[in-house]
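# Remarks on the overall topology
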Amino acid sequence: MKLLVAIVQDADVNALVEELTEQKFRLTKLSSSGGFLKAGNTTLLIGVEDEEMDKALSTIENNCKTREITTSLLTVTMPGDAFIPYPLEVKVGGATVFILDVEKFVRI
């Protein structure tokens, strides 16, 4: 058995959770936020049997698409100078998935 820790952008999470639960995957949903953009994310903890791993990963891939957005980062040049917004194209979406071996699983 494996534990998937999937970090997903909030825009993608509802469709992903719906499809995973339709496929009978059990999961726990945790709110989180990214460090770079400070945007909302959701971290999913998903218990997966080894033979179901490819199915779970393809479901995540199909529901979490990467897209580009323009954002402004504030920079400071010198003390006393004004903050200057700097537009920046960044890729968001997709998913980051950590796959961990589960030594023991108990459901009580």
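This write-up is about the structure you can find in this document. Remember, predicted model here, so these are calculated numbers, not experimental data.

Now for the sheet that holds strand S2 (residues 26-33). The strand order S2-S3-S1-S6 describes an open sheet built from four strands, whose pairing is antiparallel. Strands at the two margins of the open sheet, each flanked by one partner only, are S2 and strand S6 (95-101). Each neighbouring strand pair of the sheet contributes to a mean axis angle of 20°, computed without reference to strand direction. Two strands pair when backbone bridges link them, and strand S1 (residues 2-9) and S6 are joined in this way by seven bridges, in the antiparallel orientation. Across the sheet, Val-8 pairs through a bridge with Ala-95, a residue of S6. Lying over the sheet, helix H2 (residues 53-63) contacts S1, strand S3 (40-48) and S6, oriented at roughly 5° with respect to S1.

This part covers the nonpolar core. In terms of nonpolar packing, the biggest core is built from 15 residues, with Leu-4, Val-8, Leu-16, Leu-44, Ile-46 and Ile-60 touching the most fellow members. For this core, the secondary-structure elements that each account for two or more residues are S1, helix H1 (10-22), S3 and H2. Of the residues forming this core, the biggest block, four residues, is contributed by H1. Contacts of Leu-16, omitting those with residues within four sequence positions, involve Val-8, Leu-44, Thr-59, Ile-60, Asn-63 and Cys-64.

Right, let's get into the pattern of salt bridges. Per the stated rule, a full pass over the model turns up two salt bridges. A salt bridge links Lys-2 to Asp-101, with the nearest nitrogen and oxygen atoms 2.2 Å apart. Remark: Asp-101 occurs in strand S6 and Lys-2 occurs in strand S1; sequence separation between them is 99 residues. The residue Lys-55 makes a salt bridge to Glu-52 at a minimum N-O spacing of 3.9 Å. Given a relative accessible area of 29%, Glu-52 falls into the partly exposed group.

A separate point is the packing of H1 against H2. To describe two helices that pack against each other, one gives the angle between their axes and the distance between the axes. The interhelical angle for the contact between H1 and H2, taken along N-to-C directions, is 150°, at an axis separation of 9 Å. Comparing their axes, H2 and H1 come out roughly antiparallel. The two elements H1 and H2 cross, and the hand of that crossing is right-handed. Contact with H1, carried on its side by Asp-12, Ala-15, Leu-16, Glu-19 and Leu-20, involves Thr-59, Ile-60 and Asn-63 of H2 and no other residues of that element. For the contact of H1 with H2, the per-class residue count stands at four nonpolar, two polar and two charged.

With that out of the way, let us pick up the side chain of Thr-42. Along the chain, the position of Thr-42 falls in strand S3. A residue is classified by how much of its surface remains accessible, and Thr-42, at 4% relative accessible area, is buried. A distance of 2.7 Å separates a polar atom in the side chain of Thr-42 from a polar atom in the side chain of Asp-10. The contact partners of Thr-42, leaving out residues within four places of it in the chain, are Ala-6, Ile-7, Val-8, Asp-10, Val-13, Lys-29, Leu-30 and Ser-32.

About the thresholds
- Residues numbered from 1 in each chain as written.
- Predicted model: local features only at pLDDT ≥ 70, side-chain atom pairs only at ≥ 80, totals over all residues.
- Heavy atoms only, no water.
- Pairing = 2+ DSSP bridges.
- Helix = DSSP H or I, 4+ residues; strand = E, 2+ residues; numbered from the N terminus.
- Axes fitted to C-alpha atoms, helices over the stretch in contact; angles between N-to-C directions.
- Contact = heavy atoms within 4.5 Å.
- Core = buried A, V, L, I, M, F, W, Y, C linked by side-chain atoms within 4.5 Å.
- Buried < 20%, exposed > 50% of the residue type's maximum accessible area, 1.4 Å probe, protein only.
- Salt bridge = Lys/Arg side-chain N within 4 Å of Asp/Glu carboxyl O.
- Parallel < 35°, antiparallel > 145°, perpendicular 65-115°, else oblique.
- Left-handed = near helix turned anticlockwise from the far one by under 90°.
- Nonpolar A, V, L, I, M, F, W, Y, C, P; charged D, E, K, R; others polar.
- Polar contact = N/O pair within 3.5 Å; in protein donor to acceptor, adjacent residues only side chain to side chain.

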